[in-house]
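# Geometric and topological summary
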Amino acid sequence: MRIRRRPAPLGQVVAGIIALLMATATEGCTYAPTPDEHYPSGWPQAFLGAAPDCQRLFGSYANEGKTSRKDRSGHGIRLSDLLFSDDKKALAILGDAKALELHVEKGYFFSTLHVAAGEHRFEASGCACYDDTLIVPVAHTAGTVPGLALSGTGTTAFFTKASDGSLIVKIKSETSGIVVVVPIYYSHTPVWARFVPIGS
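These notes cover the structure that comes with them. (Residues numbered from 1 in each chain as written. Predicted model: local features only at pLDDT ≥ 70, side-chain atom pairs only at ≥ 80, totals over all residues. Heavy atoms only, no water.)

Burial along strand β5 (residues 99–105) is one-sided: the residues Leu100, Leu102 and Val104 are buried and none of Ala99, Glu101, His103 and Glu105 is. Across 4 bridges, the pairing between strand β2 (residues 59–62) and β5 is antiparallel. Residue pairing for β5: Tyr61 is matched across the bridge by Leu100. With 5 bridges joining them, β5 and strand β6 (residues 111–117) adopt antiparallel strand pairing. (Buried < 20%, exposed > 50% of the residue type's maximum accessible area, 1.4 Å probe, protein only. Helix = DSSP H or I, 4+ residues; strand = E, 2+ residues; numbered from the N terminus. Pairing = 2+ DSSP bridges.)

Printed below as a string of structure tokens:
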């Protein structure tokens, strides 16, 4: 069994904090995804949630998923790309996997997502299991212009479970900041992804 950790765990923790702050600013007191106008009508409409400790997410899912983006004909997203966007080694090994097995180790504040494909084991840190949802920072950056501006951009994935056992993910990309004490916020249209369960 090979266990690999994502590089720069401190960076992942910082990304996790940024993800939570940006999510709080836009989602209010709840993080749990609910179907909206961008959610495909043909997908399961009832969500079970991840459970408080995210135990409902435990299981194996197809690595190749469907997406709600119309310009991509409803396909073309990999679970491994979402979880390890900044880890080339993980992507090289998991990219061709047919299925990924997920297990969440809930911590006091942050949680660790364990991902397995055959004998290979990887860990995604900086996640959060909160409000019946697993929150995973996909990519986050921050920048400053001394005395003038502070900004942050990021993509965050919100994982939940559908009534048919599918893994449902709401992917949100946002930009926020302050320019000369004036707050600025922009949110891109969210993208939904669905990964069907394997072997259940």
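Before going further, it helps to examine the side chain of Arg194. Within the secondary structure, Arg194 is located in strand β12 (residues 191–195). A polar contact is formed between the side chain of Arg194 and the side chain of Ser166, at a distance of 3.1 Å. The contact partners of Arg194, leaving out residues within four places of it in the chain, are Trp43, Pro44, Gly65, Lys66, Asp164, Ser166, Leu167 and Ile168. (Polar contact = N/O pair within 3.5 Å; in protein donor to acceptor, adjacent residues only side chain to side chain. Contact = heavy atoms within 4.5 Å.)

By the secondary structure assignment, Gln45 is in the loop between α1 (9–27) and β2. The class of Gln45 is partly exposed, set by a relative accessible area of 44%. Considering only alpha carbons, one finds Gln45 and Ser163, 118 residues apart in sequence, at a separation of 7.9 Å. In contact with Gln45, not counting residues within four places along its chain, are Pro35, Tyr39 and Pro40. Here the side chain of Gln45 touches Pro40 through a polar contact of 3.2 Å, landing on its backbone oxygen. Of note is the side chain of Gln45, whose polar atom sits 3.4 Å from the backbone oxygen of Ser41.

Applying the stated criterion to the full structure yields 1 disulfide. Bridging Cys54 to Cys129, the disulfide has an S-S length of 2.0 Å. In this structure the cystine formed by Cys54 and Cys129 twists about its S-S bond by roughly 120°; its chirality is therefore right-handed. Placement of Cys54 in the loop between α1 and β2 and of Cys129 in strand β7 (residues 120–130) is noted, with a sequence separation of 75 residues between them. Both residues of the pair, Cys54 and Cys129, belong to the buried class. (Disulfide = S-S within 2.5 Å.)

Everything listed here is a matter of coordinates, which is why it stays silent on function.
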